[in-house]
Amino acid sequence: MTQATTDLAIIGGEIYTPSYQSTGNILVKDGKIESVNDDAFDRSKQPEIQVIDARGCTIIPGLIDTLVHGGGGCDTMTGRVEDLEKIARAHAAHGVTSLVLGISSASMEQINRSLETIGYVVDNPVRDGSRILGSYVEGKFGSYPKHGAQNPKYITPPNFEDFHAMWAASDGTIKVISIAPENDEDLKFTKHLAKFRDEAYNGIVIAMGHTNATYDQAMAAIDVGITRATHTYNGMSGMHQRNLGVVEAVYSHPRIHAELIVDGQHVRPIWCQTLIKWKGIEGVGLITDCTSLAGVPKEEWSRDYVYDASLDAYRLNREGSRRYIKNDAVWLNLGESSETLTGAMITLMDGVRNVMSWGYTLEEAVTMSTLTPAKNLGVDNQKGSIAPGKDADLVILDADLNVKTVIIEGVILKQD
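Residues numbered from 1 in each chain as written. Predicted model: local features only at pLDDT ≥ 70, side-chain atom pairs only at ≥ 80, totals over all residues. Heavy atoms only, no water.

(A) Molecular detail of the overall build of the protein. Each helix and strand in the protein was counted, giving twelve helices and 23 strands. On C-alpha atoms alone, the protein measures out to a radius of gyration of 21 Å, which is about the 22 Å that the 2.2 N^0.38 rule sets for 416 residues. Over its C-alpha atoms, taken along the principal directions, the protein stretches across nearly 65 × 55 × 40 Å. Taking all 416 residues of the protein together, 56% fall into the buried category. For the protein, the share of sequence-separated contacts (at least 6 apart) that also reach a separation of at least 24 residues comes to 66%. Total accessible area computed for the protein in this model is approximately 17100 Å², and 46% of it derives from carbon and sulfur atoms. Each charge sign in the protein was given a centre, from 38 positive and 54 negative side chains, and these centres are 2 Å apart. (Helix = DSSP H or I, 4+ residues; strand = E, 2+ residues; numbered from the N terminus. Rg over C-alpha atoms; globule rule 2.2 N^0.38 Å. Buried < 20%, exposed > 50% of the residue type's maximum accessible area, 1.4 Å probe, protein only. Contact = heavy atoms within 4.5 Å. Areas by Shrake-Rupley, 256 points an atom, 1.4 Å probe, with all protein chains shown as cover. Lys, Arg positive; Asp, Glu negative; His and termini not counted. Charge placed at Lys NZ, Arg CZ, Asp CG, Glu CD.)

(B) Fine view of the side chain of serine 22. Structurally, serine 22 can be placed in strand S2 (residues 20-29). A relative accessible area of 16% places serine 22 in the buried class. Those residues in contact with serine 22 that lie beyond four places of it in its chain are Gly13, Glu14, Ile15 and Asp38.

(C) View of the side chain of aspartate 308. Mapped onto the elements, aspartate 308 comes out in strand S16 (residues 305-308). The buried charged residue aspartate 308 lacks any salt bridge partner; its closest oppositely charged side chain belongs to arginine 315, at an N-O distance of 5.0 Å. Not counting residues within four places of it along the chain, the set of residues in contact with aspartate 308 comprises Ala313 and Tyr324. (Salt bridge = Lys/Arg side-chain N within 4 Å of Asp/Glu carboxyl O.)

(D) Inspection of the sheet that holds strand S10 (residues 131-141) at higher detail. With parallel pairing, eight strands are arranged side by side in an open sheet as S6-S9-S10-S11-S12-S13-S14-S15. Pairing within the sheet leaves two strands with one partner each, and these edge strands are strand S6 (63-68) and strand S15 (284-287). Looking at chain direction, strand S12 (residues 205-208) and strand S13 (residues 228-229) are connected through two bridges and run parallel. Residue pairing for S13: alanine 207 is matched across the bridge by arginine 228. Relative to the sheet, helix H4 (residues 188-195) contacts S10, strand S11 (174-179) and S12, its axis offset from that of S11 by approximately 160°. (Pairing = 2+ DSSP bridges. Axes fitted to C-alpha atoms, helices over the stretch in contact; angles between N-to-C directions.)

(E) Fine view of the sheet that holds strand S17 (residues 313-316). Spatially, S16-S17-S18-S19-S20 is the arrangement adopted by the five strands of the open sheet, whose pairing is antiparallel. Looking at which strands have only one partner, the edges of the open sheet turn out to be S16 and strand S20 (340-344). Each adjacent strand pair in this sheet contributes to an overall mean axis angle of 30°, direction not counted. The pairing of S16 with S17 spans four bridges and is antiparallel.

(F) Expanded view of the packing of helix H3 (residues 160-170) against H4. Where H3 meets H4, the axes come as close as 11 Å, and the angle between the chain directions of the two elements is 35°. For the pair formed by H3 and H4, the contact residues are Phe160, Phe163 and His164 on the first element and Lys188, Phe189, His192 and Leu193 on the second. Class assignment for the residues of the contact of H3 with H4 results in four nonpolar, two polar and one charged. (Nonpolar A, V, L, I, M, F, W, Y, C, P; charged D, E, K, R; others polar.)

Below, the structure is given as structure tokens:
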């Protein structure tokens, strides 16, 4: 049930800011965090304030998923406001308070229509859903050898004509743009965006992804302005015998923020652990790269799928379909030489639990899902941690880390 309120007292919870603080209280006024303290709460001094008793629970900042392609049964590329609203509600119910919506390779007409719709929702937030921080142009400027699930038909080298058309359609709300630096001649595109990042492009983040660049090409691109790696390991070149690729550049350059899909399928846990160990929790941001099925219960999506015992997977029950679901991920041509992972089905809270099962603490997993991505996106002055003056984006978890209460900008979206 959604309740419009801006004055809250959340008392007695274990507070992670995301660093562990103590058992204490959080006071919220006008949608912002007013104070965080461990004083005894005196209701008589604030008789009108709404109190949420969080004793026995854990309070964390709202999670930030910086690359999603859908949720709640809807895709980010339909160009329909109502679909984006369903996506925002589906993720909010699972403790994700901020989203960046992925734009896949497609015709410029479809891309621009999708960007225009996302821009509208950025400016007109979904009252009972996650806040949309902007769009993530992922596949358009990638490379053919590493296109993965992106449609290769529409992939082109980075170019200003397409980019400025996308920028105009988005009304300046593109948050991240991913490129294959080997296709950026003399790195002109990267240099231009980096030079005018703040002046003309609202602090846009330049990423490298779906790229077959060499190590030297990747390092050169980082040196002139790339600060982010699109779903590290997936869709990028890596070590082969004596040759180094993008993966090694991500490891070796301290300025690169490394996205990491944490469904346990896109990247095996041992490589997730290795990346986090190498770059630290300040250098890795957890993402889902999820499909439209994120947040959809199995009893709902299974109506459209049939179980295939030979693959221990579910196949879409449609003539000629090669789309499968296995281990909380969506696949094409499962079991064949052309087998391709097309996206996860988890929400980011599922990812936090996965990371903890791999040996990390709640504090470490939450940091990589809140403050670390907020810093890379340049929104850490508003989001990503629990501190006075920041947006009151808060999630209360029960003893088993299930989402109990979700608050976005002081509004209670979910309360069990």
